[in-house]
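The lines below spell out each chain.
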Amino acid sequence: MADPADLTVRHFRGRDGTRLAFRECGTGRPLVLLHGFFSSATQNWVRSGFAAALADRGHRLVMPDLRAHGDSSAPLDAARYPADVLTDDAFALIEHLALADYDLGGYSLGARTVVRMLVRGAAPRRAVVAGQGLREVTGHGGAVARYLRRVFGNPGTFEPGSDEWKAEQWLHRTGGDARALLHVLDTVVDTSVGALSGIRAPTLVVIGADDDRDGSAEALARALPRGTHAVVPGNHTTATTAPELAQTVAAFLADQ
């Protein structure tokens, strides 16, 4: 496979016309991957080594940058961020590429979006929900969103070296726009346990051993009719770089 850092940026249009970016690597069965909040396809999947590991195992990885992330447009008009718009964007990408037979996965906010896609009719052969749990997808968490709203809403006010200050520095390094990212948080839609019971795709719920969502992730797997729970090394930030994550996902996708 070519150097992942050199992957060509391609574009498609969301259902509302917003210009969105995606990258591809590998050949074989398509695997659509949605990254986490405050990240990008390059950061979440490429630099972590995950994309190369899955491509080497015979997968065609399709990796969009979510709205207001990475190389995708980040409009500042709140009207461009209706409820569940990230799910609409992901459906638009699948339609753009005319994917009829594919697998689907996501991390953190991307995983939450995968759940929304499944309850709204997406029909992948298999799905991967990583770095996410029942408490979060049903809307009974919220601590992370409250923390990020505080960070993005009060720039330049945090003590150097504090967690908030580090988050703000990461925002600057990634070129993210705090105003657009706050709008993204407003698009999140909760999913009821009842809706989860209607998901028919075999779904892997995988979490880092030191992620505070771990117990919640196991509960999510139990709430899914065909859910499987797995644990890999790392916390919510570092689990994406663990070779075991790619190994676990590849084994799950290969299971016929």
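Calculation notes
Counting restarts for each chain, with residues numbered from 1 along the sequence as it is written. Whole-chain, interface and lining totals are the exception, using all residues; otherwise, since this is a predicted model, local features are given only for residues with pLDDT of at least 70 and side-chain atom pairs are given and counted only at 80 or more. Values shown for side chains rest on all heavy atoms present in the structure; no hydrogens or waters enter the calculation. Only DSSP runs of H or I reaching four residues or more are called helices, and only runs of E reaching two or more are called strands; each is numbered from the N terminus. Note on contacts: a residue pair qualifies if any of its non-hydrogen atoms lie within 4.5 Å across the two residues. Here a cavity means grid points, on a 1 Å grid over the protein atoms only, where a 1.4 Å probe fits yet cannot get out; a pocket means an open set of points with protein on both sides within 12 Å along at least five of seven lines; lining residues are those with an atom within 4 Å of a point. Grid points are joined across faces, edges and corners, and a volume is the space filled by probe spheres set on the points. By the convention adopted, Pro, Cys, Tyr, Trp, Phe, Met, Ile, Leu, Val and Ala count as nonpolar, Lys, Arg, Asp and Glu as charged, and the other residues, Gly among them, as polar. By definition, two strands form a pair when at least two bridges between them are found by DSSP. To obtain each axis, a line is fitted to C-alpha atoms, and for helices this fit is confined to the stretch in contact; angles are then taken between N-to-C directions over 0 to 180 degrees.

K.L.:
Give a description of the environment of Glu95 that names residues and reports values.
P.N.:
Secondary-structure assignment places Glu95 in helix H3 (residues 85-96). Along the sequence, Glu95 and Val249 sit 154 residues apart, while their C-alpha atoms lie 24 Å from each other.

K.L.:
Let's hear about the side chain of Ser39: which residues, and what values?
P.N.:
Within the secondary structure, Ser39 is located in the loop between strand S3 (29-34) and helix H1 (41-46). Excluding residues within four positions of it along the chain, Ser39 makes contact with Asn44, His69 and Gly70.

K.L.:
Before we move on, can you summarise empty space enclosed by the protein with the specific residues and values?
P.N.:
A full pass over the atoms with the stated rule returns 3 cavities of 30 Å³ or more. Looking at the largest cavity, its volume works out to about 80 Å³. Only H3 and helix H4 (109-119) provide two or more residues apiece to the lining of the largest cavity. The biggest single contributor to the lining of the largest cavity is H4, with 4 residues. Residue composition of the lining of the largest cavity, by class: 5 nonpolar, 3 polar and 3 charged. When its volume is computed, the second largest cavity comes out at roughly 60 Å³. Around the second largest cavity, the lining residues are Leu33, Trp45, Phe50, Gly105, Gly106, Val128, Ala130, Leu245 and Val249. Looking at the lining of the second largest cavity, the elements with two or more residues in it are strand S5 (103-107), strand S6 (127-130) and helix H11 (243-254). In terms of residue class, the lining of the second largest cavity is made up of 7 nonpolar, 2 polar and no charged.

K.L.:
Residues and numbers for the sheet that holds strand S2 (residues 19-25), please.
P.N.:
With mixed pairing, the 8 strands of this open sheet are ordered in space as S1-S2-S4-S3-S5-S6-S7-S8. Every other strand in the sheet has two partners, leaving strand S1 (10-13) and strand S8 (227-232) as the edge strands with one partner each. Across the sheet, the mean angle from the axis of one strand to that of its neighbour is 25°, orientation sign disregarded. Both S2 and strand S4 (residues 59-64) contribute to a ladder of 4 bridges, which runs antiparallel. Residue pairing in the sheet places Phe22 in a bridge with Pro64 of S4. Against the sheet, H3 contacts S1, S2, S3 and S4, and its axis sits at roughly 110° relative to S1. H11 contacts S3, S4, S5, S6, strand S7 (203-208) and S8 of the sheet and is inclined by roughly 170° relative to S7.

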